[in-house]
Structure formats: structure tokens, C-alpha cells
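# Coordinate analysis (summary)
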Amino acid sequence: HVNFVAGFRLGGTGTLIGVADDRHGVKGITCDLDVWVLCADDGVAPLLAALKAQHLRARNVWVDERTRAIAVVSLQDIHSRDEVIRAMSDQVQVRSDFATVTCVGVGLMHDVKVVDLAVATAQRLGVAIQSIYASGLQMTLLVAKPRAHELTIALHSELLGTYA
């Protein structure tokens, strides 16, 4: 059983392929700067209606403690950005100032160790995490776009023991 992960390239956005250090179950880490974050303060219904009306596929959808619904949408799936923005209801805001940093692996939520290490790493760097989505196979951090690469490199070091 060989895991594939090596290091982070400054010119790229994710993990280079190689042999992995399997300390935390994380197999790879990537950041994506080419996303929009759609936000609805009145719960998930207006957000889902906007996604459906615009035929947008959300990578992640979650609701925070204030019933604010958030969806991350890849810009690759949006063909007419201006048209999509014009068509959004007043209940849904489009944010282009965030990026995602995602760790993938197996059993990431068997305990909270990976989330704890990611949060501690972000705090050490002074990177504010706007939201976290986690499952057994991935953990996605929503952060300010200018800080995403820095956090990705630090998480490679912390969770995989590598950076390049």
C-alpha cells in the first residue's frame, strides 16, 4: 500500500506526486483561488434557489451558527460571470475574495486531530478561517484569497512533513 504525496510547488496550487508520509491520514492538500463563495444570510433555501436558477454546481454547501448558508462554486463552471451576478437575488451575495484550502485523505474525521492541527497552523500564521467543511474524506478551509498559498505550504509541512 503506497500513498502518493510529495510537496507543494510555489507555482502550482496543490500536491506534487510522490511517496507520502501517512502521519495523519492526509494524502494531499490543494488550494483553489478560482472560486466564488455564494452567501445567503436567511438560510439555505435562497442559496439553493440561486444555484438551481443559474445551473451552478456547488462544491460544498454548509450553514454556520447564524444560519448563514455558504456555497463554494468553481469559476470553471461559470460561463457568463456578469450575467450570473446580475441574476442573483438580493438574498445571495457573491464573494470573490475567498479561496479554499482542501486536505484529502481517508478517515480525516476519525478524531479532530487534523482539524485541530489545521486551525492551529492557520492561527500561528494569522490566517483567519472563515468556515470549515469536514467529512471523512476531506476538510476544506475557507480563507482570504491572498493567504491561501501561504496556508497550503504550511499545512504541507505540518500534515505531510513536506514542502518544496
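Just above, that's the structure.
### Re the overall build of the chain
Scanning the chain from terminus to terminus reveals four helices and eight strands. Beginning at the N terminus, the succession of helices and strands in the chain can be written as β-β-α-β-β-α-β-β-α-β-β-α. Looking at the chain as a whole, 45% of its 164 residues are labelled buried. For the chain, the share of sequence-separated contacts (at least 6 apart) that also reach a separation of at least 24 residues comes to 68%. Carbon and sulfur atoms make up 53% of the accessible area of the chain, which totals about 8600 Å².

### Brief notes about the nonpolar core
Most often, soluble globular proteins have nonpolar side chains that are buried together. If you look at the biggest cluster of nonpolar residues, it comprises 21 residues, and the most contacted ones within it are Val26, Ile29, Val101, Leu141, Leu151, Leu155 and Leu159. Counting only elements with at least two residues in this core, the list comes to β1 (26–32), β6 (98–105), α3 (113–125), β8 (138–144) and α4 (148–160). Leu38, Leu75, Ile78 and Met88 belong to the second-largest nonpolar core, a separate cluster that totals 15 residues.

### Digging into the packing of aromatic side chains
This structure, assessed with the given rule, holds one aromatic pair. Summarising the aromatic geometry, the rings of Trp62 and Tyr133 are spaced 5.7 Å apart at their centres and angled 25° between planes, so their arrangement reads as stacked. Separated by 71 residues along the polypeptide, Trp62 in strand β3 (residues 58–63) and Tyr133 in strand β7 (residues 129–134) bring together distant segments of the chain. Judged by its relative accessible area of 28%, Tyr133 falls in the partly exposed class.

### Focus: the sheet that holds β7
If you trace the four strands from one edge of the open sheet to the other, you get β1-β6-β8-β7, paired in antiparallel fashion. Looking at strand neighbours, the two that pair on one side only are β1 and β7, the edges of this open sheet. Each neighbouring strand pair of the sheet contributes to a mean axis angle of 15°, computed without reference to strand direction. Note that β7 and β8 share five bridges and pair antiparallel.

### Describing α3
With 13 residues, α3 ought to run about 18 Å at 1.5 Å a step, and its terminal C-alpha atoms sit 18 Å apart, in line with that. Residues of α3 that are buried include every one of Val114, Val115, Leu117, Ala118, Thr121 and Ala122, and no others. Buried residues of α3 fall within an arc of 165° about the axis and therefore sit on the same side. In α3, the exposed positions angled more than 90 degrees off the buried face are occupied by Asp116, Gln123 and Arg124. The elements touched by buried residues of α3 are β1, β7, β8 and α4.

### Structural notes on the side chain of Asp32
Relative to the elements of secondary structure, Asp32 occurs in strand β1. Reaching out from Asp32, the side chain makes a polar contact with the side chain of Arg59 at a distance of 2.4 Å. With residues up to four places along the chain from it excluded, the contact list for Asp32 reads Arg59, Ala99 and Thr100.

Reading the values: the criteria
- Residues numbered from 1 in each chain as written.
- Predicted model: local features only at pLDDT ≥ 70, side-chain atom pairs only at ≥ 80, totals over all residues.
- Heavy atoms only, no water.
- Helix = DSSP H or I, 4+ residues; strand = E, 2+ residues; numbered from the N terminus.
- Buried < 20%, exposed > 50% of the residue type's maximum accessible area, 1.4 Å probe, protein only.
- Contact = heavy atoms within 4.5 Å.
- Areas by Shrake-Rupley, 256 points an atom, 1.4 Å probe, with all protein chains shown as cover.
- Core = buried A, V, L, I, M, F, W, Y, C linked by side-chain atoms within 4.5 Å.
- Phe/Tyr/Trp six-rings, centres within 6.5 Å; stacked < 30°, edge-to-face > 60°.
- Pairing = 2+ DSSP bridges.
- Axes fitted to C-alpha atoms, helices over the stretch in contact; angles between N-to-C directions.
- Expected span 1.5 Å × (residues − 1).
- Arc of directions from axis to C-beta.
- Polar contact = N/O pair within 3.5 Å; in protein donor to acceptor, adjacent residues only side chain to side chain.

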